[in-house]
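Structure at a glance
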Amino acid sequence: MHEQWIAVDEYITGLFPSDPALEMVLQATRAAGMPQINVSPVQGRLLHVLALACGARMILEIGTLAGYSAIWMARALPADGKLITLEADPKHAEVARANIAHAGLADRIEVRLGIALDVLPQLAAERKGPFDLIFIDADKTNLTTYFDWAVRLARPGSLIITDNVIRHGEVLDDSSADAGLQGVRRFNEALAADRRVTATIVQMVGIKGYDGMALAVVRE
Ligand code: SAH
Ligand code: DHB
Ligand code: MG
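A short tour of the structure in this document, coming up. This is a predicted model, so every value here is computed, not measured.

To continue, consider the pairing of strand β4 (residues 131-136). Burial runs high along β4: six of the six residues are buried. Across five bridges, β4 lies against strand β5 (residues 154-163) in parallel orientation. Paired with I134 across the two strands is I160, which belongs to β5. The parallel pair β4 and β5 is bridged by helix α7 (residues 143-152), and the resulting crossover is right-handed.

This next bit is on the site of ligand 2. Around ligand 2, the structure places I37, D137, K140, D163, N164, R167 and K208. At 2.7 Å from an oxygen atom of ligand 2 is found a side-chain nitrogen or oxygen belonging to N164. At 2.6 Å from an oxygen atom of ligand 2 is found a side-chain nitrogen or oxygen belonging to K208. Within the complex, the protein chains bury 67% of what would otherwise be the 290 Å² of accessible surface of ligand 2. Taken together, the residues of the shell around ligand 2 sort by class into one nonpolar, one polar and five charged.

Before going further, it helps to examine the site of ligand 1. The environment of ligand 1 is formed by 21 residues, the closest being V39, G63, S69, E87 and H92. H92 has a polar side-chain atom sitting 2.8 Å from an oxygen atom of ligand 1. D137 places a side-chain nitrogen or oxygen 2.9 Å from a nitrogen atom of ligand 1. Surface burial for ligand 1 is 88%, taken as the share of its 580 Å² of free accessible area covered by protein chains. For the shell around ligand 1, the residue count by class is ten nonpolar, six polar and five charged.

Basis of the calculations
Residues numbered from 1 in each chain as written. Chains lettered and ligands numbered in written order. Predicted model: local features only at pLDDT ≥ 70, side-chain atom pairs only at ≥ 80, totals over all residues. Heavy atoms only, no water. Buried < 20%, exposed > 50% of the residue type's maximum accessible area, 1.4 Å probe, protein only. Helix = DSSP H or I, 4+ residues; strand = E, 2+ residues; numbered from the N terminus. Pairing = 2+ DSSP bridges. Right-handed = clockwise from strand over helix to strand, strands pointing away. Near = heavy atom within 4 Å. Polar contact = N/O pair within 3.5 Å; in protein donor to acceptor, adjacent residues only side chain to side chain. Areas by Shrake-Rupley, 256 points an atom, 1.4 Å probe, with all protein chains shown as cover. Nonpolar A, V, L, I, M, F, W, Y, C, P; charged D, E, K, R; others polar.

From the geometry alone we can't say anything about function, so treat these as descriptive.
The structure is reproduced here in structure tokens:
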């Protein structure tokens, strides 16, 4: 099955025109020896379409890496829109800033260097937001806390997307010792019980294997 998922994912990617700036981000990620855990091209396109669908003008991302998903989402912003992306690793932030400048989005994307749990309260104190779209894609141990901050920095109707909530199906394992997996399980359960949002969880397959994203809309 896995080979077919990859072939079909590549088929979908190949249907659309290629994008040199986005391909350069993936090259730069490899060249810098950074983990290749960015969203796939098809998932990036999904984030772009969802950003357009919700008319996003303010976007928040937690977990920048080399800026791949940030560039996909920022390309959906109007000229006066803004995307703030949080990154704890100085090298990742530096590579991301270069990629973002190369993509011509330096005026629209702000990379904030810092640990998300420190920077999120700063954003609230600075009265940033409300964000129309929030993409949570950093460490998985703190997912539930990131989601609470996301709701706080959002408005009714905002869309909050959380990556990696299926983890090759390992999410079924209630005896796993893996802290990230436990964080994902806690998150999924909290999400389903969260009265502040209407949510669903989508399984996905493709070049990254088998995983999924949670989609949540903040209620009135
Ligand atoms: N969204 C990116 C991929 C992000 S990978 C894309 O699809 O292109 C996860 C990133 O989160 C890594 O760069 C990692 O350094 C960063 N990260 C991990 N823990 C973090 C934390 N506590 N605060 C901020 N960033 C963190
Ligand atoms: C990992 C992290 C991600 O955000 C992802 O999309 C895939 C894998 C990881 O840490 O292994
Ligand atoms: Mg991810």
